[in-house]
Amino acid sequence: MTPPPSGTPAQPSYPPPLTSQERGPASVVAPQTPGAAAQPAQPRWARPALLALLLVTAVLYLWSLSASGYANQFYSAAVQAGSESWKAFFFGSSDAANSITVDKPPAALWPMALSVRLFGLGSWAILVPEALMGVATVGVLHGAVRRRFGAGAGLLAGGALAVTPVAALMFRFNNPDALLCLLMVCAIAAVLRALDDGRTKWLVLAGVCFGLGFLTKTLQAWLILPALAVVYVCCAPVALRRRFGQLLLAGLAIVVSGGWWVAIVELWPASSRPYIGGSQHNSFLELTFGYNGFGRITGNETGSVGGGGGRPGAGGGGWGETGITRLFSSDMGGQISWLLPAALILLVAGVWVLRRARRATAAEQAGQRAEFLVWGGALLTTFATFSFMSGIFHQYYNIALAPYIAALVGMGAALLWRRGGRVASLVPAATVAVTAGWSYVLLGRSPEWLPWLRWTVLAVGLVAAVGLLLPVRAGASVRDGEPVGDRGPVRDGEPVRDKESVRAGASATAGAPLRAGRRVAVLAAGLGVVTALAGPLAYTLNTVDTPKGGSIITAGPSVRGGMGGPGGGFPGGRPPGMWRGTNGGTAGGAPGGGQGAGGPQGTNQATRQGNNQPGNRVGNQPNNRGRLPGQGAGRPGFPGGAGGPGGLGERGAGRMGGMGGLLNGSKVSDRAKALLEKDAGDYTWAAAAIGAQNAASYQLATQKPVMAIGGFNGSDPSPTLAQFQAYVADGKIHYFIAGGRGGPGGGQGGGQGGGQGGSSKITAWVTKTFKKVTVGSATFYDLTRKA
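Bear in mind that the values here come from a model prediction, so they are computed numbers and not experimental data.

(A) Layout of the overall build of the protein chain. Regarding its fold elements, the protein chain presents 28 helices and 12 strands. For the protein chain, the residues scored as buried account for 63% of the 787 residues in total. Contacts in the protein chain between residues at least 24 apart in sequence constitute 71% of all its contacts with a sequence separation of at least 6. Of the roughly 27800 Å² that the protein chain leaves accessible, carbon and sulfur atoms contribute 64%.

(B) Region of interest: the packing of helix α3 (residues 73–84) against helix α26 (residues 692–702). The geometry of α3 relative to α26 is characterised by a closest axis approach of 8 Å and an angle of 50° between their N-to-C directions. Compared by their axis directions, α3 and α26 come out oblique. Relative to α26, α3 is oriented so that their crossing is left-handed. Residues Q73, F74, S76, A77, Q80 and A81 of α3 touch α26, and the partners they reach there are A692, Q693, A696, S697, Q699 and L700. When grouped by side-chain class, the residues that make up the contact of α3 with α26 number six nonpolar, six polar and no charged.

(C) Local environment of the nonpolar core. Ranked by size, the top nonpolar core spans 166 residues in total, and within it L141, I188, L195, W375, I405, Y698 and F780 carry the most contacts. No other element matches helix α9 (residues 177–197), which puts 16 residues into this core. With sequence-adjacent residues up to four places away left out, W375 is seen in contact with L141, A144, I188, L192, P403, Y404, A407, L408 and M411. The next biggest cluster of nonpolar side chains, apart from the first, holds 15 residues, and it includes I709, F724, I733 and A738.

(D) Seen up close, empty space enclosed by the protein. Enumeration according to the criterion identifies 11 cavities of 30 Å³ or more in this entry. Considering only enclosed or pocket space, the second largest cavity measures out at about 110 Å³ in volume. When contributions to the lining of the second largest cavity are tallied by element, the ones reaching two or more residues are α9, α16 (363–388) and α17 (402–417). By residue number, the principal contributor to the lining of the second largest cavity is α9, which donates four residues.

(E) Structural context of the side chain of S669. Positionally, S669 belongs in the loop between α24 (658–661) and α25 (670–677). The class for S669 is buried, based on a relative accessible area of 12%. A distance of 3.1 Å separates a polar atom in the side chain of S669 from the backbone nitrogen of A672.

(F) Structural detail: the packing of α25 against α26. Interaxial distance between α25 and α26 falls to 10 Å at its minimum, and their mutual angle equals 80°. Of the possible angle classes, the one that applies to α25 and α26 is roughly perpendicular. Where α25 approaches α26, its residues A672, K673, L676 and E677 are matched on the opposing element by Y698, A701 and T702.

What counts, and at which threshold
- Each residue is numbered by its place in its chain's sequence as written, counting from 1.
- Note on the predicted model: pLDDT of at least 70 is required for a residue's local features to be given, and 80 or more for side-chain atom pairs to be given and counted; whole-chain, interface and lining totals, by contrast, use all residues.
- For side-chain calculations, the full set of non-hydrogen atoms in the structure is used, while hydrogens and water are omitted.
- Helix and strand definitions follow DSSP, with helices as H or I runs of at least four residues and strands as E runs of at least two, each counted in order from the N terminus.
- Three exposure classes are used, based on accessible area relative to the maximum for each residue type with a 1.4 Å probe and protein chains only: buried under 20%, partly exposed in between, and exposed over 50%.
- In this description, contact between two residues means that some pair of their heavy atoms is separated by no more than 4.5 Å.
- Surface exposure here means Shrake-Rupley accessible area, sampled with a 1.4 Å probe, where a residue is shielded only by the protein chains that are shown.
- Axes here refer to lines fitted to C-alpha atoms; in helices the fit is confined to the stretch in contact. Angles between the N-to-C directions go from 0 to 180 degrees.
- Throughout this description, any angle smaller than 35 degrees is read as roughly parallel, any larger than 145 degrees as roughly antiparallel, any in the 65 to 115 degree range as roughly perpendicular, and the remainder as oblique.
- Should the near helix be turned counterclockwise from the far one by less than a right angle, the crossing is left-handed, whereas a clockwise turn marks it as right-handed.
- For this scheme, ten residues count as nonpolar: Ala, Val, Leu, Ile, Met, Phe, Trp, Tyr, Cys and Pro. Four count as charged, namely Asp, Glu, Lys and Arg, and the remainder, Gly too, count as polar.
- Only buried residues count toward a nonpolar core, which is a set of Ala, Val, Leu, Ile, Met, Phe, Trp, Tyr and Cys residues joined through side-chain atoms within 4.5 Å.
- Cavity: a set of points on a 1 Å grid over the protein atoms alone where a 1.4 Å probe fits but cannot get out. Pocket: an open set with protein on both sides within 12 Å along at least five of seven lines, its lining residues, like those of a cavity, having an atom within 4 Å of a point.
- Grid points are joined across faces, edges and corners, and a volume is the space filled by probe spheres set on the points.
- Think of a polar contact as two N or O atoms within 3.5 Å of one another; within protein, one of them needs to be a possible hydrogen donor and the other a possible acceptor, and neighboring residues in sequence only count if both atoms come from side chains.

Printed below as a string of structure tokens:
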């Protein structure tokens with residue numbers, strides 16, 4: 001190619017799709033559809049590297065998986081019920097007798113319930129499907145990024161996702177977030193394919209993913225919909241009218257794939273289906289738009305613990321301060337924010353570099369810009385929502401951000417690496433330096449945990465940043481946007497030898513210094529990647545090594561200055577200087593609930609540091625003893641039982657979990673199990689308990705239906721006192737398990753005021769009317785024998 005004559009205006013330069021080294025010996029395969037992305041033949045190392053990535057991810061997510069036992073027993077009990085009853089499977093009931101559903105749609109339960117039907121009830125049968133979802137998510141993300149940015153970008157994105165602490169946490173747990181994350185990545189991958197070739201089928205597939213996402217976690221699945229729709233309208237390679245028509249079809253796919261189940265539930269006679277858990281009027285639509293919907297944004301969540309607006313002036317009510325820095329705070333930062341600054345920097349840089357691309361003249365670069373806008377739009381929308389929502393917000397929700405961050409890091413790094421000029425050196429160097437500095441801050445929040453790591457990360461990161469700034473990498477002789485090869489600047493796949501480059505010092509005689517500079521740059525880039533991933537990898541390994549259980553979990557070691565509490569602090573927070581444990585709890589115990597504490601939340605690292613006491617076995621599962629979130633030592637007990645020093649650290653046989661069993665289940669002794677199993681076949685429910693976690697512990701131990709009075713929080717009006725009395729009169733319930741929320745000692749059964757709700761009335765009637773049976777430290781009431 002003849003260089004432009006002197007005085008000719010320079011055309012906008014764009015980074016090439018792939019360098020010859022990344023392409024390998026094969027040439028680019030031309031797209032079969034006009035406007036589609038050119039698909040480069042993979043280099044020889046690409047497929048083995050992908051297989052290695054997936055294998056390592058699988059090992060990471062499956063390692064010591066059974067140590068977490070039943071993980072969140074609330075969902076595990078629903079899985080057990082679904083494996084016994086197809087009706088419970090369909091509705092997502094907490095028990096096989098279908099008294100009440102979980103407070104989410106059932107899609108996330110279905111893979112686990114099918115696994116239990118095939119392999120029997122056990123930790124592996126429940127948790128392996130979640131781990132495999134994690135491996136699949138990494139694979140889909142790799143493929144989506146690789147299409148336009150190369151195999152290296154795909155590997156970096158997939159690796160970054162795999163070692164994100166909150167991702168490793170949730171892909172080894174049985175909450176709905178694992179399936180939701182997979183579906184969102186699949187939806188974005190389908191949208192990107194539609195942006196490539198304009199085919200309607202990809203948008204319809206994306207719509208199906210969003211519909212299934214709604215059946216997984218309701219409206220959270222639709223957070224990123226507006227951003228993706230806007231990008232498609234602006235960037236799709238088809239006529240504008242066709243774009244709107246395609247989006248309407250995608251919307252129809254969402255309605256059909258997500259609405260069929262809702263329609264059946266709403267039309268099904270309420271008297272012959274389970275009560276919709278989490279609602280106050282037995283309506284899934286109420287649950288969708290209230291407790292699980294706009295209530296999460298405003299904080300007005302009727303029936304939730306700590307909801308209803310929270311503390312005056314707290315911003316996030318009882319769930320932590322809101323604001324732009326929320327996800328960088330002590331409780332949240334170590335979960336997700338390791339690469340968040342890098343992703344934001346690379347998003348801005350990528351859009352700026354590709355700002356002038358036009359599909360007519362630079363289709364590949366315009367497609368790359370659209371991908372930055374898709375992933376960036378998803379990131380910014382989710383980030384803004386999580387930062388400012390006032391309702392219930394847990395640390396583990398941040399898994400939603402993990403694939404967006406990982407994709408932007410992989411894409412941005414690959415784009416700038418292939419682009420010559422000052423921008424391609426300054427931005428990566430700044431990104432590495434910022435990432436190293438932020439990792440130092442995050443690691444410094446756990447000063448007694450691997451203290452050498454934060455200094456190592458900081459030092460190596462600064463060295464890498466300096467290496468990326470070396471002029472032999474970018475080269476003053478290289479035009480902005482021009483790729484650099486081992487023998488100097490490359491144009492049209494060949495080393496530059498024209499007079500202009502010779503005058504600038506980039507002739508073949510400069511090959512040796514440039515080759516040396518290239519090696520230094522490669523080394524610096526490698527160190528930069530190691531620096532960026534070292535902190536989150538260490539957190540992830542700590543997470544994998546620590547059993548997790550209960551309703552509220554976090555990744556990584558204990559941190560200083562955390563708000564604690566369910567997703568950012570229970571009302572009242574905790575005293576300054578208190579530590580958040582590995583599980584999101586605090587050192588020194590917590591206020592007691594019910595009859596003591598239970599739940600399998602393990603804290604191996606915190607135990608070694610003396611923040612928690614040695615473990616025990618909970619719910620017939622191996623577990624380490626941990627502290628409940630947001631609770632301090634020796635403070636007054638939460639309603640539902642007496643507290644005292646170490647209140648929730650005690651795990652006696654048959655004792656209730658945290659906050660009267662709200663957050664964790666209880667340990668079921670062999671004697672208590674035998675009591676409930678005796679003549680259980682003669683009753684619809686072997687027992688009833690206040691709150692779903694309490695009921696779940698006994699249900700999983702006995703594999704017999706146990707009614708969860710009041711649903712998860714014990715605050716749902718199901719059953720009413722009259723309904724419960726009718727069940728007892730008909731001989732459908734054998735025992736009442738004392739000590740839950742609303743049980744003896746107060747409780748919050750039936751609502752946030754406590755003491756006046758349906759569950760409290762049931763408790764008062766039972767304790768006054770029926771005979772008490774004590775088994776070890778557990779108390780039951782035999783509903784067939786009057787007091």
